[in-house]
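Each chain, letter by letter, is given below.
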Amino acid sequence: MIELKGKPVAEAVYSDINKQLSTWSEKKWNSPHLAVVLVGDDPASSVYVSHKQKACERLNFKSTLICLPATASEAEVAGALQKLNLDSGVDAVLLQLPLPKHLDEKKLTEIIDPKKDADGLTQASLGALMAGQQKVASCTPAGIIEMMDHYKIQLTGKKVVVLGRSLIVGLPLFHLLIQKNATVTVCHSKTENLSNLIAQADIVFVAIGKAEFFKPTDFKKDAVVIDVGIHRRPEGLCGDVSSENAEGWLSARAPVPGGVGPMTIAMLMKNTMTLAQLHRQN
Ligand code: NAP
């Protein structure tokens, strides 16, 4: 069984960004600038945001972090996003999710200027993705496709199942896989005969958010399984798929930890770079 590790793929993305950046000084272009809005003190979100800042430092991107209290009103969060939209020095804006329960994530995400939409989650970005015209796509699904390309996992003509239909993972992944000519079935909590569907698929992308809900033998022998789930437990991180008997059953899998995980931030940097380049060209 091949372990599809995210780190080498993320490193290749960083190295490509560095290569592109090396031509920027001749053009007298400023470094890309990513701004992140963090509301509240969710520990996992704080960790993700600090990793995003470190990635910016590593690439010499400018980064701005706007921290608002968990009690911030919708108007306050909207105001912070509008200010970043108007700031011509900011290339990319990310509203860190999840937000505290009293805030409407879809409504606030929609305030981000699509030209600065670092995670491709505004309706304009999602519409462009559906039309196959996206400038950037949501970081985790885009990172998964980058991994498929890197490891030369053929998607054309393959029978693929995506488990989960969230706006952040399942749905954008569906569109990206269709663009790669896969034959895709998207499943969710109301899907009937799920076990039959996954037992027939060549490649399964699992993003249901339930710790070790599946075991490798639930999938077809020699299937490729990409586990997107992340769950923190006292004994460490795990995914939506357990590891028992994966060796000898699956042909390849993206493990948790070490699989898709590192790709999300790498793609955020790539998206920031893409948006910054578009701003400087226009
Ligand atoms: P989410 O918004 O909770 O969506 C879960 C999806 O799974 C929903 O569409 C749900 O169906 C479906 N589902 C739930 N139980 C199911 C079942 N038993 N059978 C089939 N489908 C089922 O989660 P998400 O934001 O997409 O995240 C999914 C997982 O990926 C989480 O563990 C999250 O932590 C992880 N994640 C990882 C990264 C990364 O960087 N690696 C990034 C984002 C997310 P309904 O629509 O019918 O409710």
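It should be noted that the structure appears before, not after, this text.
Now for a quick tour of the structure. Here the structure is a predicted model, which is why all the values come from computation and not from measurement.

Observations concerning the site of the ligand
- Taken together, the neighbourhood of the ligand is formed by 20 residues, with Arg-165, Ser-166, Ser-189, Lys-210 and Thr-264 sitting nearest.
- One nitrogen or oxygen atom from the side chain of Lys-210 is found 3.0 Å from a nitrogen atom belonging to the ligand.
- Taking 930 Å² as the accessible area of the ligand by itself, protein coverage stands at 71%.
- Partitioned by chemical class, the residues of the shell around the ligand number nine nonpolar, nine polar and two charged.

Side note on the sheet that holds strand β8 (residues 224-227)
- Strands sit in the order β1-β11-β8-β7-β5-β6 across an open sheet of six strands; the sheet is parallel. If you trace the sheet from one side to the other, it starts and ends with β1 (2-3) and β6 (183-187), each paired once.
- With two bridges connecting them, β1 and strand β11 (residues 252-254) associate as parallel partners. Paired with Glu-3 across the bridge in β11 is Arg-253.

Describing the pairing of β6
- Alignment of strand β5 (residues 159-163) against β6, held across five bridges, turns out to be parallel. Across the sheet, the residue bridging to Val-161 is Thr-185, located in β6.
- In this fold, β5 hands off to helix α7 (residues 170-179), which returns the chain to β6; that crossover is right-handed.

Digging into the nonpolar core
- Counting 55 residues, the largest nonpolar core has Leu-4, Leu-177, Phe-205, Ile-226 and Met-269 as the members making the most contacts within it.
- Considering each element in turn, this core owes the most residues, nine residues, to helix α9 (residues 261-281).
- Excluding residues that lie within four positions of it along the chain, Phe-205 makes contacts with Ile-144, Met-148, Leu-155, Val-160, Val-161, Val-162, Leu-163, Leu-173, Leu-177 and Ile-226.
- Membership of the second largest hydrophobic core comes to 17 residues, among which are Ala-35, Val-39, Val-77 and Ile-112.

Procedures and definitions
Residues numbered from 1 in each chain as written. Predicted model: local features only at pLDDT ≥ 70, side-chain atom pairs only at ≥ 80, totals over all residues. Heavy atoms only, no water. Near = heavy atom within 4 Å. Polar contact = N/O pair within 3.5 Å; in protein donor to acceptor, adjacent residues only side chain to side chain. Areas by Shrake-Rupley, 256 points an atom, 1.4 Å probe, with all protein chains shown as cover. Nonpolar A, V, L, I, M, F, W, Y, C, P; charged D, E, K, R; others polar. Pairing = 2+ DSSP bridges. Helix = DSSP H or I, 4+ residues; strand = E, 2+ residues; numbered from the N terminus. Right-handed = clockwise from strand over helix to strand, strands pointing away. Core = buried A, V, L, I, M, F, W, Y, C linked by side-chain atoms within 4.5 Å. Buried < 20%, exposed > 50% of the residue type's maximum accessible area, 1.4 Å probe, protein only. Contact = heavy atoms within 4.5 Å.

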